Structure formats: C-alpha cells, structure tokens
Amino acid sequence: MRRFFIFLFLFCIPLSVSADIYDAADGVDTQSATEIFGDFDFRDIIDNPKEQKISTIWENVVNIFIKDIKTASKSALAVFLTAVLYSIVSGFEEGAEKTAFLICSVTVAGICCTSFAQIAQLAEGAIKNTSIFMSAAIPCFGVLLAAGGAVNSAGLCAPILVSGTIASYIMSYIGVRALFLSFALSVVGGISERFPLKSLASLLRKSAMWLVCGSQTIFCTIIGAGGFASGSLDAAVQKGVKFAASSGIPVLGGILSDAAEAIAGSSAIIKNTAGAAGILLILAIILYPIIKMAAVIVIYSLSAALCEVVSGKKIGSLLNETADTLKIFIGMMAASGVSSIISLSILIKAGGL
Amino acid sequence: MDILRIIAIALAASVMAIYLKEYNKSFAFLVSLIAGCIIAAISFPYFSDFAQSLKSVAESAKLSGMELVIKVLGIAFIVKYGGELCRDAGESALAAKLEMGGKIILLSLALPVIKSLFETVVSIIP
C-alpha cells in the first residue's frame, strides 16, 4: 500500500507537467498548423504516437503550395501586363508620358508591396509563435527532466530560455523590422531614380542577415556546450542517488529507489513524446509561411526574368528585390525553427534517459 | 495595309505643307493638322484593340487596377499628340501648358493607386 502511494505521488509530477505542455500548445496560434495537419488533433500525437497521417500532411503541403502558386500567378500576371504597357512609354523621358511611366512603376510597386506585406506579416507571426511556444514549453521540460532525475540537464533550461528569448527578440524586433524597412526603401528607390535608396536598402538587408546569423550561432553554441556536459554528470548523479537511497534510508530505501527509477522512466517517455509533438508543432508553424513564400519567390523570380525581356531592368529589379527579401525571411524562419528544434532535441536527449 | 496609307498621307501632307508654307503658313498648318487627325483616326483603333485585349485578359484573371493603367496610357498618348500639334503650330508655350494639364489629370486619376501604395509602405515600416 505504501509502495502504491509513493508511486501515485511521484507520478503526479510528470502528469501535471504534461498538462502544462498541452496548455503551451493551446496558447500558440495554430492556424498554420491546422492548415498543414488538417483536422489532425495535436493531442493525438501524444495519445497515439503511432497513428501519424504522414501522407495526409504531404497532400496538404502540396495543396497549399499549388494554391499559393495560383494566387501569386495572379499578381505576377498583373505585373506582366503593366510591364507590357510600361514598355510602350519607357522610351519617353519628358511630358505626360513620364507621368504615365511613373504611374506604371507605382502600380507594379503596389502589387509587390501588397503581396509582400501579407506574407511577411504571416512570417513575423510565425517567428513570434515559435518564440511563445518555446518560452512556454521549456520550463515544463525542465520540470520533467528534474522529475526524471536529470537535475544537471534541467539546469540547461535556463540558458536555453534566456539565450533563445534574446535570439528571438533580436530576430523579431531588429531583424524583421530592418527587413521591412529595407523593402520599403527599395520600393521607393525602385519607383524613381531620383531617390537613390537601393544601396541603403541593401545595407539594411545585409546587416539584418548578419545580425540574425550571429545571434543564432551564439545561441546554438551555448546550448550545444551545455548539452554535452550535463548528460554524463546526470548519469553519475543518478547512480549515486540510487545507491544512497537504497543503502542509506532504512525500510523505505529499496521501495523509494525502485519508485524513483520507474518515475524517471515514465517522465522520460512523457518528455520524449511531448518533445516530438513540440518539434512537429514548430515544423507546422514555420512550414506554412515558408511554403507560401517559396511559391511567391518562384513566381516572382520567373516574372522578373520575363519582365526584364519585355520592359527593361526597372520592373525586373523590383520583382527581384521582393523575391530576395522573401528569401531572407525564409532564412530567418528556418533559423528560428531549426534553433527551436535543436533546443527541443537537446532537451529530449538530455539526462541520458 | 494601313501602315502604307499612313506613310502616303504623311508624305503627301509634308509636300503640300512645304509648298503652302511659301504662300500661307496658316494653310500649311491646317494641312498638317488634318493629316495628323487622319493618321490618328487610322492608328488609334489598333491601340484600342490592344487595350481591349489586355483588359479582357485582366478581367478573366479578375485583376483590378489594369483599367486605370490603360486609361492613363491612353490619356498620355492623346496629350502628347495634342502637344506635338501645338508645337507644329509654333505654340510651344501652349504645348507645355497642355502637357501640364495632362499631368495633373493623370496624377488625379492615379491618386487611389499612389495612396494605397503609400498606405502599404507606411504599414510595412516598423
């Protein structure tokens, strides 16, 4: 009977933490995840980890890509038609034709800007969602690790949380904003040659890229170094604690030692399953905007090549700038997602459980 | 072949204008004006066909804004044409005023597009 109550008490810790991980997943805007996973309930991954509908997920990914290719083709067609009209007046440098020429540029810039704003805001939301999910989930993993006896690995959560939060702040408050500003400058610079802003836009874009790369490298170094060191320490501590409990505590020592081992195993199962669910959720959060952006990049790069043939460099370079900025956005989202996945993987593997 | 007709009209009008210039400059201008109008009447339907086909492509793809671009281009051509006629008559100042008027009309037509671009750029800037 005593054995039963000790088991029951110790089991409550990982169970309550798994409920917290459910809540962390609920707090994140999972609309993009729903688009990719369809009517798939995330709790199913934890409840029935073997029943994963990979083929349905692939179908959804392909469908989203095709749908976005169609949507992007519409704006590309509008740009191409404007480019055809633009080519008629592009030879004139004075009079009312120059105004018409400017109006064509403004129309193309407007089309590029609208599609960029829609997709980039989606990407910004995805980066923020990843950060919210990670800051909600990592403390839960810390408790699960501690419950499993990996006390040193649980200490990993603090540097992951702090450096991850700093890296995501740098990305979303400096990197993303610098990219938005650089795109706005390149659009204004693209409308008229009287505003030579392209170099400034390019400088801002490059700085944003380097800043994000630097912060992600530092983040990965911190969590990687911590992860390697803590695993072996935990194995030694666990053996020591088990020996001390079984030999040092009279009567209850043996039971407590067995119970602790069983709890460590069960919390490892919950931690690993929740970690796998977390990785899938992060993939879904970042995959949706990445697919959308990839579709727009493909279509805009193609139409840039076509428009350059029809109407010269101006419209082509505007489309190329849009595609290039979106490529950096993809890089940022991938960096954010990969660093979150690395953190989760280190936490899953942590403690040697 | 409309292009041959246009060339023939232009050449004949030029010869007549050169000949008439010696006797009466006003008649010479009238000849070039009439020739210009005939050339416009022959060539403008081609632009109209081109604009119509672009418009139908835009409509089939449910694109908005193309009508405005076509209208802007049409106005720009007409204004340029009027300006050139004024310059032929030796009225460069009037041609400049006509072009200025055309620019104002074009800008007022394009105002919604410029405004929406401005709003989008402002919404993008953090």
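Rules used in this analysis
- Residues numbered from 1 in each chain as written.
- Chains lettered and ligands numbered in written order.
- Predicted model: local features only at pLDDT ≥ 70, side-chain atom pairs only at ≥ 80, totals over all residues.
- Heavy atoms only, no water.
- Helix = DSSP H or I, 4+ residues; strand = E, 2+ residues; numbered from the N terminus.
- Buried < 20%, exposed > 50% of the residue type's maximum accessible area, 1.4 Å probe, protein only.
- Areas by Shrake-Rupley, 256 points an atom, 1.4 Å probe, with all protein chains shown as cover.
- Expected span 1.5 Å × (residues − 1).
- Polar contact = N/O pair within 3.5 Å; in protein donor to acceptor, adjacent residues only side chain to side chain.
- Patch = residues over 30% accessible without salt bridge, like charges linked within 9 Å, V, L, I, M, F, W, Y side chains within 5 Å.
- Salt bridge = Lys/Arg side-chain N within 4 Å of Asp/Glu carboxyl O.
- Contact = heavy atoms within 4.5 Å.
- Buried area = accessible area lost by both parts, 1.4 Å probe.
- Axes fitted to C-alpha atoms, helices over the stretch in contact; angles between N-to-C directions.
- Parallel < 35°, antiparallel > 145°, perpendicular 65-115°, else oblique.
- Nonpolar A, V, L, I, M, F, W, Y, C, P; charged D, E, K, R; others polar.
- pLDDT = per-residue confidence, 0-100.
- Phe/Tyr/Trp six-rings, centres within 6.5 Å; stacked < 30°, edge-to-face > 60°.

To continue, consider the overall build of chain A. Secondary structure summary: chain A contains ten helices and zero strands in total. For chain A, the succession of helices and strands along the chain, N to C, is α-α-α-α-α-α-α-α-α-α. Taken over 353 residues, chain A has a buried fraction of 49%. When the accessible area of chain A is evaluated, it comes to approximately 15,800 Å², of which 69% is carbon and sulfur surface.

Residue and element names in this part refer to chain B. For helix α2 (residues 25-60), built from 36 residues, the straight-helix expectation of 52 Å at 1.5 Å per residue is met to within 8% by its first-to-last C-alpha distance of 51 Å. Residues Ala28, Val31, Ala35, Gly36, Ala40, Ile42, Ala51, Leu54 and Ala58 constitute the buried set of α2. Where α2 begins, the side chain of Asn24 points an oxygen toward the backbone nitrogen of Ser26, at a separation of 3.0 Å. Lys62 lies just past α2 and shows a positive phi near 55°.

With that settled, consider a nonpolar patch on the surface. Residues and elements named next belong to chain A. Taken together, the side chains of Trp58, Val62, Phe65, Ile66, Val298 and Leu302 make up a nonpolar region of the molecular surface, amounting to roughly 570 Å² of accessible area. For the nonpolar patch, the elements supplying multiple residues, two or more each, are α4 (54-89) and α9 (253-311). Looking at which element gives the most residues to the nonpolar patch, the answer is α4, with four residues. Take Ile66: it is sitting in helix α4.

Accessible area lost on assembly of the parts is the figure often given for the size of an interface. Facing the 33 residues of chain A at the interface are 31 residues of chain B. Between chain A and chain B, the buried area comes to about 2,800 Å², and carbon and sulfur atoms account for 87% of it. Of all residues in chain A, Leu81(A), Leu85(A) and Ile103(A) bury the most surface against chain B, accounting for 21% of the area lost on that side. Taken together, chain A and chain B are joined by zero salt bridges.

Further remarks concern the packing of helix α7 (residues 157-191) of chain A against helix α10 (residues 313-349) of chain A. All names here are of chain A. Two elements in contact, α7 and α10, have axes whose closest approach is 10 Å; the angle formed by their N-to-C orientations is 175°. Looking at the two axes, α7 sits roughly antiparallel to α10. Here Cys157, Ile160, Met171, Gly175, Val176, Leu179, Phe180, Phe183, Ser186, Val187, Gly190 and Ile191 of α7 come into contact with α10, specifically with Lys314, Leu318, Glu321, Thr322, Thr325, Ile328, Phe329, Met332, Ala335, Ser336, Ser343 and Leu347. Considering only residue class, the contact of α7 with α10 consists of 15 nonpolar, seven polar and two charged.

Next up on the list: the side chain of Ser340(A). As for its placement among the helices and strands, Ser340(A) is situated in helix α10. Among residues more than four places away in sequence, those in contact with Ser340(A) are Thr130(A), Met134(A) and Ile282(A).

This part covers the pattern of salt bridges. It is possible for side chains of opposite charge to pair when their charged atoms get near one another. Tallied over the entire structure, the rule returns eight salt bridges over all chains. Residue Lys327(A) is joined to Asp324(A) by a salt bridge in which the shortest nitrogen-to-oxygen separation is 3.6 Å. Of this pair, Lys327(A) and Asp324(A) both sit in helix α10, three residues apart, which is roughly one turn of the helix. You can call Lys327(A) partly exposed: its relative accessible area is 44%. Notably, a salt bridge pairs Glu84(B) with Lys80(B), separated by 3.8 Å at the nearest N-O pair.

On to the confidence of the model for chain B, then. When pLDDT is averaged across chain B, the result is 84; 99% of the residues are at 70 or more. Across the interfaces of the predicted complex, the ipTM metric reaches 0.73, alongside a pTM of 0.72.

All names here are of chain A. Between helix α5 (residues 96-147) and α7, the shortest axis-to-axis distance is 10 Å and the interhelical angle comes to 175°. Taken together, the axes of α5 and α7 are roughly antiparallel relative to one another. Of the residues assigned to the contact of α5 with α7, the class counts are 22 nonpolar, seven polar and three charged.

Let us look at the packing of aromatic side chains. Under the counting rule described, the total for this entry stands at nine aromatic pairs over all chains. Cluster of aromatic residues (ring-pair linked, three or more members): Phe116(A), Phe180(A), Phe183(A) and Phe329(A).

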